[in-house]
Amino acid sequence: MPDPIQIAADLAPTGTLRASINLGNPVLAQGTPDAPSGVTVDIARELARRLGVPVSFQCFDAARKSFEVLRSGSADVAFLAIEPARAAEVEFTAPYVLIEGVYAVAADSPIRTADDVDRPGVRVGVKEGSAYDLFLTRTLENAEVVRGADGIDAFREHGLEVAAGIRQPLSRHVAADPGLRLVEPRFMQIRQAVAVARDHRPATVRFLHDLVEDLKASGRIAESLATSGQDASVAP
């Protein structure tokens, strides 16, 4: 059995677990920087409880900012989508939640499916540094990625052909605007996981892996998502 005292000394060397929370992803976190809530906040609290240390939250409006504080050592743990560009610098657990990346277009757009997007002359608005920004930058061969504060904002501001985003919030934009429609099917599956710096002991990383698997198997992740009103899928 891993020693929680040793794990805590390795993972939370200041004596407090410093958790980086991305309030820019409403599936994972809600509330305010002073009072965050949601599945990532619940995971952080449970991790701190098992380590026997207090937890503090650093809240940001974008995944790239959450990633940067983890990479700089200003946070001990973050909650990010698994992407090769990030995995080269941080260690990920298995995913705990699966989210879909989808496109939205003008209602009269000739784009009918996700496969229609990667064509010359098509510009795709994305949230800078998001998982789908990294994915589309890596995979699109003909379409152009245009970055902004949010995919739908870039789409509207620059008159783009496509907006990319997470299904839940992008669906709400489409529901509120009859001039928009979603493009099916999804263009990616976003695997959300717990991330830590790569310099931790193997026992610490195993502890985190086991924590995530336990929270999934026990139903705690599903319960947390339901409590926060989110319909994302718990990862297998």
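Shown above is the structure to which this text applies.
Residues numbered from 1 in each chain as written. Predicted model: local features only at pLDDT ≥ 70, side-chain atom pairs only at ≥ 80, totals over all residues. Heavy atoms only, no water.

Novice: Outline the overall build of the protein, listing residues and values.
Specialist: What the protein contains, in helices and strands, is nine helices and twelve strands. For 236 residues, the compact-globule formula gives about 18 Å, and the C-alpha radius of gyration of the protein, at 18 Å, lands near that figure. For the protein, the spread of C-alpha atoms along the three principal axes comes to 60 × 35 × 30 Å. Taking all 236 residues of the protein together, 52% fall into the buried category. A total accessible area of about 10,600 Å² is found for the protein, and carbon and sulfur atoms account for 51% of it. Averaged over its 25 positive side-chain charges, the protein has a centre that lies 2 Å from the centre of its 32 negative ones. (Helix = DSSP H or I, 4+ residues; strand = E, 2+ residues; numbered from the N terminus. Rg over C-alpha atoms; globule rule 2.2 N^0.38 Å. Buried < 20%, exposed > 50% of the residue type's maximum accessible area, 1.4 Å probe, protein only. Areas by Shrake-Rupley, 256 points an atom, 1.4 Å probe, with all protein chains shown as cover. Lys, Arg positive; Asp, Glu negative; His and termini not counted. Charge placed at Lys NZ, Arg CZ, Asp CG, Glu CD.)

Novice: Break down the packing of helix α2 (residues 39-51) against helix α8 (residues 202-217) for me, citing the residues and quoting the values.
Specialist: Where α2 contacts α8, the axes come no closer than 11 Å and their chain directions differ by 125°. Looking at the two axes, α2 sits oblique to α8. Seen along the crossing, α2 lies across α8 with a hand that is right-handed. Residue-level contacts link Ile43, Glu46, Leu47, Arg50 and Leu51 of α2 to Phe207, Leu208, Leu211, Asp214 and Leu215 of α8. (Axes fitted to C-alpha atoms, helices over the stretch in contact; angles between N-to-C directions. Parallel < 35°, antiparallel > 145°, perpendicular 65-115°, else oblique. Left-handed = near helix turned anticlockwise from the far one by under 90°. Contact = heavy atoms within 4.5 Å.)

Novice: Residues and numbers for the environment of Val90, please.
Specialist: One can find Val90 in strand β6 (residues 90-92). In this structure Val90 comes out as buried when scored by relative accessible area, which is 2%. The sequence separation of Val90 and Leu70 amounts to 20 residues, and the corresponding C-alpha distance is 8.3 Å. In contact with Val90, not counting residues within four places along its chain, are Phe67, Leu70, Ala195, Val196 and Arg198.

Novice: With reference to specific residues and values, describe the side chain of Glu83.
Specialist: Position of Glu83 relative to the elements: it lies in the loop between β5 (77-81) and α4 (84-87). Assessed through its relative accessible area of 5%, Glu83 is described here as buried. In contact with Glu83, not counting residues within four places along its chain, are Phe92, Ala131, Leu134, Phe135, Arg138 and Met188.

Novice: Can you explain the packing of helix α1 (residues 4-11) against α8? Please cite residues and give values.
Specialist: The geometry of α1 relative to α8 is characterised by a closest axis approach of 9 Å and an angle of 105° between their N-to-C directions. Between α1 and α8, the angle falls in the class roughly perpendicular. The residues of α8 that touch α1, namely those facing Ile7, Asp10 and Leu11, are Ala203, Thr204, Phe207 and Leu208. Grouping the amino acids of the contact of α1 with α8 by side-chain chemistry returns five nonpolar, one polar and one charged. (Nonpolar A, V, L, I, M, F, W, Y, C, P; charged D, E, K, R; others polar.)

Novice: Could you give an account of the side chain of Thr204, naming the residues involved and the relevant values?
Specialist: Take Thr204: it is sitting in helix α8. Note on Thr204: relative accessible area 1%, which makes it buried. Polar contacts involving the side chain of Thr204 include one to the side chain of Asp10, which spans 2.5 Å. The residues contacting Thr204, other than those within four sequence positions of it, are Ile7, Asp10 and Leu11. (Polar contact = N/O pair within 3.5 Å; in protein donor to acceptor, adjacent residues only side chain to side chain.)

Novice: Account for the packing of aromatic side chains, naming residues and giving values.
Specialist: Going through the model one piece at a time under the given rule, you end up with two aromatic pairs. A network of ring pairs unites the aromatic residues Tyr103, Phe135 and Phe187 as a single cluster. (Phe/Tyr/Trp six-rings, centres within 6.5 Å; stacked < 30°, edge-to-face > 60°.)

Novice: Before we move on, can you summarise the nonpolar core with the specific residues and values?
Specialist: Among the nonpolar cores identified, the biggest contains 58 residues, and Leu47, Phe79, Tyr96, Tyr103, Val124, Leu136 and Phe187 are the most heavily contacted of them. Core analysis: the second largest hydrophobic core is formed by eleven residues, Ile152, Ala163, Leu170 and Val174 among them. (Core = buried A, V, L, I, M, F, W, Y, C linked by side-chain atoms within 4.5 Å.)

Novice: Got a sec to walk through α1? Specific residues and values, please.
Specialist: Within α1, the full set of buried residues consists of Ile7, Ala8, Asp10 and Leu11. Looking straight down α1, one finds that the buried residues subtend no more than 165° of arc, so they occupy a single side. Across α1 from its buried face, at more than 90 degrees, point the exposed residues Ile5 and Ala9. Tucked into the core, α1 has its buried residues touching β1 (17-22), α2, β11 (180-197) and α8. Capping the start of α1, Asp3 holds a side-chain oxygen 2.9 Å from the backbone nitrogen of Ile5, two or three residues further along. (Arc of directions from axis to C-beta.)

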